[in-house]
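The chain contents come next:
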Amino acid sequence: MKMKWLALVLGTSLALAACGGNDDAADKEPASENSETTTAGAGDAAKIYENKCSSCHAVNLEGGVGPNLTKVGSKLSKEDIEKVIANGQGGGMPKGIIKGKEASMVAEWLAEHK
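Predicted model, so just to flag it, every value in this text is computed and none were measured. Every chain begins its residue count from 1, and numbering advances along the sequence as written. Totals for whole chains, interfaces and linings use all residues, but because this is a predicted model, local features are given only for residues with pLDDT of at least 70 and pairs of side-chain atoms are given and counted only at 80 or more. To obtain the side-chain values, all non-hydrogen atoms of the structure were included, while hydrogens and water were left out.

> Report on the packing of aromatic side chains, specifying residues and quantitative values.
Each Phe, Tyr or Trp ring, with Trp reduced to its six-membered ring, pairs with another whose centre is within 6.5 Å; inter-plane angles below 30 degrees give stacked pairs, above 60 give edge-to-face pairs, and intermediate values give tilted ones. Going through the model one piece at a time under the given rule, you end up with 1 aromatic pair. Both rings, one in Tyr49 and one in Trp109, keep their centres 5.4 Å apart while their planes meet at 50°; by these two values the pair is tilted. Taken as a pair, Tyr49 in helix H4 (residues 42-52) and Trp109 in helix H7 (residues 100-111) lie far apart in primary sequence, 60 residues in all. By relative accessible area, Tyr49 is classed as buried at 1%. A run of DSSP states H or I qualifies as a helix once it reaches four residues; a run of E qualifies as a strand once it reaches two. Both are numbered from the N-terminal end. Classification of residues uses two cut-offs on accessible area relative to the type maximum, computed with a 1.4 Å probe and protein chains only: under 20% is buried, over 50% is exposed, and between them is partly exposed.

Written as structure tokens, this is what we have:
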């Protein structure tokens, strides 16, 4: 029983750690409107997703530790997705993995998946 508990705690810790980190440079708002982040399109949103979210939701959005997001836009609006990104979700989604313009870009990109 003790070994099962240790495996559960270790597995959960690894899964949460893989869901993203707190990269201070990536979390800051861009300094100007000419930065790549503010002029970025869906390709950049997909790259942000891949770097920050795919370890839990998979590169193809089909889920893993986190839920399947292939049709998340049919269930949640861009604003709803931004709230989940900002506030987290019970059961394992930590809050604030992506912030600012990047969070908005990823939310908009995910909302298009219907």
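Now, onward.
> Before we move on, can you summarise the nonpolar core with the specific residues and values?
If you look at the biggest cluster of nonpolar residues, it comprises 18 residues, and the most contacted ones within it are Tyr49, Ile81, Ile85, Ile98 and Leu110. Elements represented by at least two residues in this core include exactly H4, helix H6 (78-87) and H7. The dominant element in this core, judged by the number of residues it contributes, is H7, at 7 residues. It only takes one pair of heavy atoms within 4.5 Å for two residues to be counted as in contact. Beyond its immediate stretch of four places on either side in the chain, Ile85 contacts Met93, Pro94, Lys95, Gly96, Ile97, Ile98, Ala103, Val106 and Ala107. In this description, a nonpolar core means a group of buried Ala, Val, Leu, Ile, Met, Phe, Trp, Tyr and Cys residues linked to one another through side-chain atoms lying within 4.5 Å.

> Tell me what's going on with the side chain of Ser54, and back it up with residues and numbers.
Position of Ser54 among the secondary structure elements: in helix H5 (residues 54-57). The class of Ser54 is buried, set by a relative accessible area of 14%. Leave out the neighbours within four places in its chain, and Ser54 touches Tyr49 and Val59.

> Tell me about the packing of H4 against H7, and name the residues and values.
Taken N-terminus to C-terminus, the directions of H4 and H7 make an angle of 105°; their axes are 9 Å apart at the nearest point. Between H4 and H7, the angle falls in the class roughly perpendicular. Contacts from Ala42, Asp44, Ala45, Ala46, Ile48 and Tyr49 in H4 reach Glu102, Met105, Val106, Trp109 and Leu110 in H7. Residues are grouped as follows: nonpolar covers Ala, Val, Leu, Ile, Met, Phe, Trp, Tyr, Cys and Pro; charged covers Asp, Glu, Lys and Arg; every other residue, Gly included, is treated as polar. In terms of residue class, the contact of H4 with H7 is built from 9 nonpolar, no polar and 2 charged. All axes here are fitted lines through C-alpha atoms, helices being fitted over the stretch that makes contact, and every angle between N-to-C directions spans 0 to 180 degrees. In these notes the angle categories are as follows: under 35 degrees is roughly parallel, over 145 is roughly antiparallel, 65 to 115 is roughly perpendicular, and the rest is oblique.

> Outline the pattern of salt bridges, listing residues and values.
What makes a salt bridge here is a side-chain nitrogen of Lys or Arg within 4 Å of a carboxyl oxygen of Asp or Glu, nothing more. Counted under the stated rule, the structure contains 1 salt bridge. Between Glu82 and Lys78 there is a salt bridge; the shortest N-O distance is 3.1 Å. Taken as a pair, Glu82 and Lys78 lie in helix H6 at a separation of 4 residues, close to a single helical turn. Overall, Glu82 belongs to the partly exposed group, its relative accessible area being 24%.

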